[in-house]
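Residues per chain, in single letters:
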Amino acid sequence: QAQFVESGGGLVQPGGSLRLRCTASGSIFTFRTSTMAWYRQAPGKQRELLGTITGGGNTNYEDSVKGRFTMSKDNTQNTVFLQMNSLKSEDTAVYYCNLSPPARVAGVEFWGKGTLVTVSS
């Protein structure tokens with residue numbers, strides 16, 4: 001079906017940077033032509049979309065991260081990246097990648113374990 005493996009999270013001070021990585025695979029999509037997305041879920045909040053990157057590399061970002069976060073992809077490695085700069089405490093969350101919209105088969109969505117980003121001094 002679909003598998004997503006996120007990595008690169010950790011503890012960072014406000015104003016710092018992190019680069020997240022996600023390797024995607026599965027039988028229900030073709031990475032090279034799929035629109036990928038990064039999402040996050042902060043404690044006590046619903047999962048939210050951060051931005052998307054199309055098969056051709058065009059990106060779109062939510063206002064909360066626009067100008068600070070940058071998505072990119074490597075089609076040779078089925079990998080999508082999220083460069084996060086000028087991090088704020090409110091960026092603390094578990095970060096996930098997935099398709100846009102999320103991969104789903106028979107009403108069941110596929111998600112990875114995510115990677116935890118903690119922004120704190």
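For the structure itself, consult the block above.
Residues numbered from 1 in each chain as written. Predicted model: local features only at pLDDT ≥ 70, side-chain atom pairs only at ≥ 80, totals over all residues. Heavy atoms only, no water.

1. Considerations on the sheet that holds strand β2 (residues 10-12)
And then number 1: An order of β2-β12-β9-β4-β5-β6 is seen for the 6 strands of this open sheet, with the pairing classed as mixed. The open sheet has two free edges, formed respectively by β2 and β6 (59-61), since each of these has just one partner strand. Ignoring which end each strand starts from, the neighbouring axes of this sheet average 25° apart. (Pairing = 2+ DSSP bridges. Helix = DSSP H or I, 4+ residues; strand = E, 2+ residues; numbered from the N terminus. Axes fitted to C-alpha atoms, helices over the stretch in contact; angles between N-to-C directions.)

2. Remarks on unusual backbone geometry
And then number 1: The linkage connecting Ser100 with the following residue, Pro101, adopts the cis geometry, with an omega of 0°.
And then number 2: You can see Pro101 is positioned in the loop between β9 (93-99) and β10 (104-105).
And then number 3: For Asn78, which is not a glycine, the phi torsion comes out positive at approximately 50°.
And then number 4: Mapping Asn78 onto the fold places it in the loop between β7 (69-74) and β8 (79-84).
And then number 5: A positive phi angle is found at Ser86, which is not glycine, with a value near 50°.
And then number 6: Along the chain, Ser86 turns up in the loop between β8 and β9.

3. As for the environment of Gln77
And then number 1: By secondary structure assignment, the location of Gln77 is in the loop between β7 and β8.
And then number 2: On the accessibility criterion, Gln77 (43% relative accessible area) is partly exposed.
And then number 3: Residues Gln77 and Ala24, spaced 53 residues apart in sequence, show a C-alpha to C-alpha distance of 8.8 Å.
And then number 4: When neighbours within four sequence positions are excluded, Gln77 is seen to be in contact with Arg21 and Thr23.
And then number 5: Within polar-contact distance, the side chain of Gln77 engages the side chain of Arg21 at 3.1 Å. (Buried < 20%, exposed > 50% of the residue type's maximum accessible area, 1.4 Å probe, protein only. Contact = heavy atoms within 4.5 Å. Polar contact = N/O pair within 3.5 Å; in protein donor to acceptor, adjacent residues only side chain to side chain.)

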